[in-house]
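Residues per chain, in single letters:
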Amino acid sequence: LTVCLFHAMYGGDCLPIEFDQLRRGPASHAGGYDTAAYGIDQYDALDNHTYKVAAEVFWDNVARFGVDRKRCRQTMCPRSAEAFDEP
C-alpha cells in the first residue's frame, strides 16, 4: 500500500516499475536477522519505538486518504493491479 498511498497523497500515476524488487540480495530471506550477531541488539528498543510511531503515521494516512487494496487495484494503480492481489 505504500506506493499507492504515496500517489494518493502527492498525485501522479503508479508505474509498474515502482513495484519491482530492485534490491533483493543473495542473503535476503523472510526470517529476518539476528541483531545480536552484529552487536546492535541494544538498539532494538529504540528501533521498535521508531517503527511504532512510523506505523501509526502510515495507518493514519491510509485511513485519511482512503487507501485500500481495492481502490489501489481499480483506481490509483490500475496498470499494476496485480501488486494488490491478496498475499
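Below, the structure is looked at part by part. (Residues numbered from 1 in each chain as written. Predicted model: local features only at pLDDT ≥ 70, side-chain atom pairs only at ≥ 80, totals over all residues. Heavy atoms only, no water.)

Residue position: Ala83 is located in the segment after α3 (69-76). For Ala83, a relative accessible area of 34% corresponds to the partly exposed category. In this view, Ala83 contacts Phe19 and Arg69; residues no more than four positions away in its chain are not counted. (Helix = DSSP H or I, 4+ residues; strand = E, 2+ residues; numbered from the N terminus. Buried < 20%, exposed > 50% of the residue type's maximum accessible area, 1.4 Å probe, protein only. Contact = heavy atoms within 4.5 Å.)

What follows is about the state of the cysteines. One pass over the structure, following the stated rule, counts 2 disulfides. The side chain of Cys4 participates in a disulfide bridge whose partner is Cys72; the two sulfur atoms lie 2.1 Å from each other. With the S-S bond torsion at -100°, the cross-link from Cys4 to Cys72 turns out left-handed. Here the residue Cys4 occupies a position in helix α1 (residues 2-10), and Cys72 occupies one in helix α3, the gap between them amounting to 68 residues. As far as the burial class goes, Cys4 and Cys72 line up, both buried. Residue Cys14 pairs covalently with Cys77 via a disulfide, S to S 1.9 Å. Taken together, the residues span a long stretch of sequence, with Cys14 in the loop between α1 and α2 (44-64) and Cys77 in the segment after α3 at a distance of 63 residues. Each of the two residues, Cys14 as well as Cys77, counts as buried. Counting its disulfide-bonded cysteines in sequence order, the chain shows a connectivity of 1-3, 2-4. (Disulfide = S-S within 2.5 Å.)

What follows covers the packing of aromatic side chains. In this structure the tally under the stated criterion is 3 aromatic pairs. Arranged with centres 5.1 Å apart and planes meeting at 50°, the rings of Phe6 and Tyr10 form a pair that is tilted. Here Phe6 and its partner Tyr10 are both found in helix α1, 4 residues apart, which amounts to about one turn of the helix. Take Tyr10: its relative accessible area is 59%, and that puts it in the exposed class. Judged by centre distance (5.5 Å) and plane angle (80°), the ring pair of Phe19 and Phe84 falls under edge-to-face. Placement of the pair is Phe19 in the loop between α1 and α2 and Phe84 in the segment after α3, with a sequence separation of 65 residues. Residue class for Phe19 comes out partly exposed when judged on its relative accessible area of 27%. Given a relative accessible area of 3%, Phe84 falls into the buried group. (Phe/Tyr/Trp six-rings, centres within 6.5 Å; stacked < 30°, edge-to-face > 60°.)

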